[in-house]
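Structure at a glance
These are the residues of each chain, in order.
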Amino acid sequence: MKNSIVSHSAKLAALLIVMAPATSEAARAWLLPSQTILARSGGWVTVDAAMADDLFSFNQGAMQVDALVVSGPDGRPVAPQNPAKGRTRSSFDLELRQAGTYRIAVAENMVMARWEEDGKPKRWRGAPAEMATGIPANAAKLEVEQTQRRVETFVTVGTPTDVNPGAGTGIELKPVQHPNDLYARETAKFRFLLDGKPATDLEVEIIAGGTRYRDAPEEMTFKTNKDGEIAVTWPAAGMYWLEVSVQDEKATVPGVKKRRASYAGTFEVLTQ
Amino acid sequence: MIRLTRIAPGMLLAFAGGASAADLSLSVEIPQLPVAEYHRPYVAIWIEGADQAIAANLAVWYQVRGDHTKWLPDLRQWWRRGGRDLKVPVDGLTGATRPVGQHLLKFDAAKAPLTGLKPGQYTVVVEAVREVGGREAVRIPFEWPIKAAKRESASGSKELGAVALSLNP
């Protein structure tokens, strides 16, 4: 799968340029599982992957899932089945044969570059290894940024099991409350790590799904504490989208200084 | 996991006449509903401790023919409180869905699953969920061990009818 990151990123870059609205921000990225809690007998779930500001309506563009990694309860990868790439969403099925929690993540490590060529703005997005071929050596007014993006969701068969972050790069979730054990009007603690250490003093935004049916986004914002934690009291049952990001100068790619790391998660909150 | 004694209404009378040990009896009504498409509800009945964890499972009724355990998580309270840790079927605990009517259950205080109960405050929870229908839980708090004869009742508003708890020392 990793081999296709390059072509995929080129496609994504093209997509982003075509779709870019008034702002330069990309649309919200999210994974939407058909269900998050399954009986011990396991079964199938379908996951949609989209880039759309309306949560969770796929009305903007599909999210590329070439960098998808699904980890089973034993930490081993689970192969997605029936992958499909549509115009408004990507989707794939997962057969969950084992009891425990599955982590479904699209984690990308990219480089974004902007420069000027003959007075015209140019941009490139690709894998760090492709930088030399993607960016002209003498590019004028060159600005380069590393982007570490993680888009994630969780599904549990039977009893929830530990979900330990493994990458140690970018922003990761180290749940205190299990992400498949969330209930309306209860408080859940989430811990975020940046490069494997508590991600302190970051703003976390949480928005309930169904934004199309509300006049206001009604986002909830939190600041991570010294342990990288936030405490969320869920106002109602439903599917929620969470995002946290940071911009710093801790890029891990040689020759790049600026780095933007982001985490977006989809969590289902159940009725009491 | 836990064994229990579930007794048919007729047998309950027969037992009542004998030398009686302390017991906890429950009457659970599955109401008749004026709906076009009716399916018998899945029902879980358990004793919840003060920490809201399951102290004792009393009964779980679901469609046992075919693999229909996939709908057990819809018994949301039961599922999160410990139903998800249980490997079904469990002899003496799980059984087929029940028809509309009163269902009587009786448990000997000196036998599993009640023997494990430490003195304290508990709640009997009856939760029902119905395909193309709704979900409802009815709760009756009680104190353990049984000190005096007591009868408490509560009622559901839709998916469950009258629920009565009898404690006999």
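As a convention, each chain's residues are numbered from 1 in the sequence order in which they are written. For this description, chains carry letters from A and ligands carry numbers from 1, given in the order in which they are written. Side-chain atom pairs in this predicted model are given and counted only at pLDDT of 80 or more, local residue features only at pLDDT of at least 70, and totals for whole chains, interfaces and linings cover all residues.

**Some words on the overall build of chain B**
Helix and strand definitions here come from DSSP, where helices need a minimum of 4 consecutive H or I residues and strands a minimum of 2 consecutive E residues; each element is numbered from the N-terminal end. A tally of regular secondary structure across chain B gives two helices and nine strands. Helices (α) and strands (β) of chain B occur, in sequence order from the N terminus, as α-β-β-β-α-β-β-β-β-β-β. With C-beta atoms placed from the backbone, a residue is labelled by how many other C-beta atoms lie within 10 Å of its own: buried for 20 or more, exposed for 12 or fewer, partly exposed between the two. Per-residue burial for chain B yields a buried fraction of 33% across its 169 residues.

**Observations concerning the overall build of chain A**
Tallying secondary structure elements over chain A gives two helices and 18 strands in all. Based on C-alpha atoms, the radius of gyration is set beside the globule rule, defined as 2.2 Å times the residue count to the power 0.38. Its C-alpha atoms give chain A a radius of gyration of 19 Å, near enough to 19 Å, the size a compact globule of 272 residues would have. Taken over the C-alpha atoms alone, chain A extends approximately 60 × 40 × 40 Å along its principal axes. Within the span of chain A, comprising 272 residues, buried residues form 39% of the whole. By definition, residues are in contact whenever their C-beta atoms, placed on the basis of the backbone, come within 7 Å of each other. Pairs at least 24 residues apart make up 68% of the contacts formed inside chain A by residues separated by at least 6 positions.

**Some thoughts on the interface of chain A and chain B**
Tallying the contact residues gives eleven residues for chain A and ten residues for chain B. In terms of residue class, the side of chain A that touches chain B is built from four nonpolar, five polar and two charged. Just so you know the grouping, Ala, Val, Leu, Ile, Met, Phe, Trp, Tyr, Cys and Pro go in nonpolar, Asp, Glu, Lys and Arg go in charged, and all remaining residues, Gly too, go in polar.

**Overview of the environment of Arg 81 of chain B**
Inspection of the secondary structure puts Arg 81 of chain B in helix 2 (residues 76-81). Note: C-alpha distance between Arg 81 of chain B and Val 35 of chain B (46 residues apart in sequence) is 30 Å.

**As for the sheet that holds strand 2 (residues 42-48) of chain B**
Residues and elements named next belong to chain B. Ordered in space as 4-3-2-6-7, the five strands form an open sheet in which the pairing is mixed. The two strands at the open ends of the sheet, each matched to only one other strand, are strand 4 (94-95) and strand 7 (135-144). When DSSP locates at least two bridges between a pair of strands, those strands are taken to pair. Here strand 2 pairs with strand 3 (residues 54-61) via six bridges, running antiparallel. Bridging from a neighbouring strand, Ile 47 pairs with Ala 56 of strand 3.

**So, the pairing of strand 6 (residues 120-129) of chain B**
Residue and element names in this part refer to chain B. Counted residue by residue, strand 6 has seven buried out of ten residues, so it is predominantly covered. One ladder, built from seven bridges, connects strand 2 with strand 6; its direction is antiparallel. Paired with Trp 46 across the strands is Val 125, a residue of strand 6. Counting the residues in the hairpin turn of strand 6 and strand 7 gives five residues, including Val 132, whose phi is positive at 55°.

**Observations regarding the confidence of the model for chain A**
Confidence along chain A averages 90 in pLDDT terms, with 91% of residues attaining 70 or more. Values of pLDDT, ranging from 0 to 100, describe the predictor's confidence in every residue of the model. In the predicted structure, residues 1-24 of chain A sits below a pLDDT of 50 and forms 24 contacts with residues beyond four places in sequence or in another chain.

**A few points about unusual backbone geometry**
A cis amide bond links Ala 112 of chain B to the next residue, Pro 113 of chain B, at an omega of 5°. With phi around 50°, Asp 195 of chain A is a residue other than glycine that occupies positive phi space. Note on placement: Asp 195 of chain A falls in the loop between strand 12 (187-194) and strand 13 (197-198). A positive phi angle is found at Glu 218 of chain A, which is not glycine, with a value near 55°. Positionally, Glu 218 of chain A belongs in the loop between strand 14 (203-208) and strand 15 (220-223).

**Describing the pairing of strand 14 of chain A**
Residues and elements named next belong to chain A. Only one face of strand 14 is covered, namely the one carrying Val 204, Ile 206 and Ala 208; the face carrying Glu 203, Glu 205 and Ile 207 has none of its residues buried. Of the pairings in the sheet, the one linking strand 14 to strand 15 comprises four bridges and is antiparallel in character. In the sheet register, Val 204 faces strand 15, and the bridge partner there is Phe 222. Summarising the sheet, strand 14 and strand 17 (residues 238-248) pair through five bridges and their orientation is antiparallel. Among the inter-strand pairings, Ala 208 is bridged to a residue of strand 17, identified as Tyr 240.

**A word on the nonpolar core**
In terms of nonpolar packing, the biggest core is built from 93 residues, with Trp 30 and Val 106 of chain A together with Ile 45, Trp 46 and Val 126 of chain B touching the most fellow members. Looking at this core, the element that brings in the most residues is strand 3 of chain B, giving seven residues. Ignoring sequence-local partners within four residues, the contact set of Val 106 of chain A consists of Leu 31, Ala 49, Met 63, Val 65, Ala 67, Leu 68 and Val 151 of chain A. Here, a nonpolar core denotes buried Ala, Val, Leu, Ile, Met, Phe, Trp, Tyr and Cys residues that are linked to one another through C-beta atoms within 7 Å.

**A short note on the sheet that holds strand 1 (residues 23-30) of chain B**
All names here are of chain B. Strand order in the open sheet formed by four strands is 5-1-9-8, and the pairing between neighbours is antiparallel. Unpaired on one side and paired on the other, strand 5 (101-108) and strand 8 (150-155) mark the two borders of the sheet. The mean inter-strand angle of the sheet, taken between neighbouring strand axes irrespective of direction, is 15°. The sheet contact formed by strand 8 and strand 9 (residues 162-168) spans six bridges and is antiparallel. Bridge pairing in strand 9 links Ser 155 to Ala 162. Simply put, an axis is a line fit to the C-alpha atoms, just over the touching stretch for a helix, and the angle between two N-to-C directions goes from 0 to 180 degrees.

**Some details on the environment of Ser 90 of chain A**
Residues and elements named next belong to chain A. For Ser 90, the position within the fold is in strand 7 (residues 90-96). Here Ser 90 falls in the buried class, since 24 other C-beta atoms lie within 10 Å of it. Separated by 38 residues in sequence, Ser 90 and Pro 128 have C-alpha atoms that sit 25 Å apart. Not counting residues within four places of it along the chain, the set of residues in contact with Ser 90 comprises Ala 49, Ala 62, Met 63, Gln 64, Val 65, Ala 84 and Lys 85.

**Details of the environment of Trp 234 of chain A**
Residues and elements named next belong to chain A. Considering the arrangement of structural elements, one finds Trp 234 in the loop between strand 16 (229-233) and strand 17. Overall, the presence of 20 C-beta atoms within 10 Å leaves Trp 234 in the buried class. Residues Trp 234 and Gly 255 lie 21 residues apart in sequence; the distance between their C-alpha atoms is 43 Å. With residues up to four places along the chain from it excluded, the contact list for Trp 234 reads Leu 182, Tyr 183, Ala 184, Arg 185, Glu 186, Ala 188 and Val 269.

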